[in-house]
Amino acid sequence: MLPISPLLKKTFGRRPIMKGVHFAMKFAFERAGFHWELRRNGDDQLGLWKITFRKVPAHSVPGETPKRFIFVPGFGDTPLSWLTMLVMLKPVLSQNFDELIVLDFPGFGGFLAEQTPFASMDLLISSVEDCFDTLKPHSILGHSLGGWLAANYASHCGEGIRPSAKLSASGTRSKERYTGPASIICVDPSGVFGSEIRKEEWKGRFANSIDLGFDSYRKHIFKKEPFWFGAISGEIGVFLSKPEIVAFMKSIRDDHFIEHRLKHIRSQVWLLWGEEDTLVPSEWADAWLAGLHGDSGAACTRAEAVLIKGAGHSPQVEKPAVTAVALTQMIQGKTPHFWGSRWWTVRTS
């Protein structure tokens, strides 16, 4: 780890590196046009970084909401690891959406790192899906756990479980016109495996992070670790060892996995994967595609997978330019062009 000066320790306290990074990045987010919003639900809370590209006209259809694009980070991650990517995507997002919203989870590596994390996977899912019901996103981009949450919500919308029913003024239960996201982009997503052996392999990687320490997990984050990662690796190791985080990981049950529910998704689905991911291996994309196509081959509107060559579990960090180009085309509803075959491979089944 890089040495930490006494002055930096005195200035930022117990978590000097990340507090310093957050201080600088808060300024960067605000300069990029984002503003901060905190949503509370009882003792739980979610952070939202929001940027408005255009307001819904006053003469629009009554009840119409802005066309929103939501980003959901992965397990323990921070929106900071995606800030450069989101800035690169800002032109295409501003052309196609009214708002961009970036979620920030308590207790993870973001701006709510010092807050108490969700006590269980059930509470995390409930809070995120309540938030989605309110925001009515047109599109969702989720990385790792975030991709799992996005697909879980899309499947619940396809089943009619979400958006949640509300009481109308007359006291009868009614549903909003919103029926779920039109598209989701899942980057190196968890939650689908294709076999019991693969599922146990995935569980084992997280169990090892508890029993053997952070180094057993660290080797799976990147194909080639960035030079700067050593400066924050110690803090990530502390995160994984926290009793609240261990309890959260142990709260994940088999019924949270979504392979059997992929057939309910009616959104357009894009899978973006680091081809050399060892935490959630890219060959698991085949299980996603098989489940999304369904028995009839027409479960969702469309499903394709794009594998980024030379990248591991964090393509936004390892191959930012290539990842941005691929995501730009997905956001526009286009299959990444075959001219990019030097940098990626496209799978449709």
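Just so we're clear, the structure is a prediction, and the values are computed from it rather than from any experiment.

1. Thoughts on the pairing of strand β5 (residues 139-143)
So, point 1. The buried count for β5 comes to five of five residues, which makes it a mostly enclosed element.
So, point 2. Burial along β5 is two-sided: the residues Ser139, Leu141 and His143 and Ile140 and Gly142 are all buried.
So, point 3. Two strands pair when backbone bridges link them, and strand β3 (residues 68-72) and β5 are joined in this way by four bridges, in the parallel orientation. Bridge pairing in β5 links Val72 to Gly142.
So, point 4. Examined bridge by bridge, β5 and strand β8 (residues 183-187) share five bridges and lie parallel to one another. Note on β8: the bridge partner recorded for Ser139 is Ser183.

2. Section: the side chain of Asp277
So, point 1. Along the chain, the position of Asp277 falls in the loop between β9 (268-274) and α10 (285-293).
So, point 2. For the buried residue Asp277, which engages in no salt bridge, the nearest side chain bearing the opposite charge is Arg205, 7.3 Å off.
So, point 3. A polar side-chain atom of Asp277 sits 2.8 Å from the main-chain amide nitrogen of Leu279.
So, point 4. A distance of 3.1 Å separates a polar side-chain atom of Asp277 from the backbone nitrogen of Val280.
So, point 5. Among all residues touching Asp277, those that are not within four sequence positions of it are Asp188, His220, Ser282, Ala311, Gly312 and His313.

3. Quick look at the pattern of salt bridges
So, point 1. Under the criterion given, the structure shown has 17 salt bridges.
So, point 2. Its salt-bridge partner being Asp98, residue Arg54 comes within 3.3 Å of it at the nearest N-O pair. Of this pair, Arg54 sits in the loop between β2 (44-52) and β3 while Asp98 sits in the loop between α3 (83-96) and β4 (99-104), placing them 44 residues apart in sequence.
So, point 3. The class for Arg54 is partly exposed, based on a relative accessible area of 35%.
So, point 4. Assessed through its relative accessible area of 13%, Asp98 is described here as buried.
So, point 5. Among the ionic pairs, Arg253 bridges to Asp255, the shortest N-O distance being 2.8 Å.
So, point 6. Given a relative accessible area of 43%, Asp255 falls into the partly exposed group.

4. A closer look at the packing of aromatic side chains
So, point 1. Scanning the entire structure with this criterion turns up 26 aromatic pairs.
So, point 2. Plain terms: the ring middles of Phe75 and Phe248 are 6.1 Å apart, the flat faces sit at 10° to each other, and that makes the pair stacked. You can see Phe75 sitting in the loop between β3 and α3 and its partner Phe248 sitting in helix α9 (residues 243-250), a full 173 residues away along the chain. Like Phe248, Phe75 is buried.
So, point 3. Judged by centre distance (6.2 Å) and plane angle (65°), the ring pair of Trp228 and Phe229 falls under edge-to-face.
So, point 4. We classify Trp228 as partly exposed; its relative accessible area is 37%.
So, point 5. A residue is classified by how much of its surface remains accessible, and Phe229, at 3% relative accessible area, is buried.

5. Remarks on the sheet that holds β8
So, point 1. Strand order in the open sheet made by the nine strands is β1-β2-β4-β3-β5-β8-β9-β10-β11, with mixed pairing throughout. Each edge of the sheet is formed by a strand with only one pairing partner; in this case those strands are β1 (35-41) and β11 (344-347). Within the sheet, the average angular offset between the axes of one strand and its neighbour, ignoring direction, is 20°.
So, point 2. Sheet topology places strand β10 (residues 302-308) next to β11; four bridges connect them, and they run antiparallel. Bridge pairing in β11 links Ile308 to Trp344.

6. Side note on the environment of Phe23
So, point 1. Within the secondary structure, Phe23 sits in helix α2 (residues 16-31).
So, point 2. The exposure class of Phe23 is exposed, given its relative accessible area of 63%.
So, point 3. On a C-alpha basis, the gap between Phe23 and Phe111 in space is 9.1 Å, while along the polypeptide they are 88 residues apart.

What counts, and where the lines are drawn
Counting restarts for each chain, with residues numbered from 1 along the sequence as it is written. pLDDT decides what is reported in this predicted model: residues at 70 or higher carry local features, side-chain atom pairs at 80 or more are listed and counted, and totals for whole chains, interfaces and linings draw on all residues regardless. The basis for every side-chain value is the complete set of heavy atoms in the structure, and neither hydrogens nor water enter the calculation. Residue exposure (1.4 Å probe, protein chains only): buried if accessible area is under 20% of the type maximum, exposed if over 50%, otherwise partly exposed. Comment: elements are numbered from the N terminus, with helices defined as DSSP H or I runs of at least four residues and strands as E runs of at least two. Should DSSP find at least two bridges between two strands, the strands are regarded as paired. Charge counting treats Lys and Arg as positive and Asp and Glu as negative, with His and both chain ends excluded. In the sections that follow, a salt bridge refers to a side-chain nitrogen of Lys or Arg positioned within 4 Å of a carboxyl oxygen of Asp or Glu. Each polar contact in these results corresponds to two N or O atoms within 3.5 Å; when the atoms are within protein, one needs to be able to donate a hydrogen and the other to accept it, and residues that are neighboring in sequence are counted only if both atoms are side-chain atoms. We call two residues contacting when some pair of their heavy atoms lies within 4.5 Å. What counts as a ring pair is set by centres within 6.5 Å for rings of Phe, Tyr and Trp (its six-membered ring), and what kind of pair is set by the plane angle: stacked under 30 degrees, edge-to-face over 60, tilted for all other angles. Every angle, taken between N-to-C directions, lies between 0 and 180 degrees, and every axis is a line fitted to C-alpha atoms, over only the stretch in contact when it is a helix.

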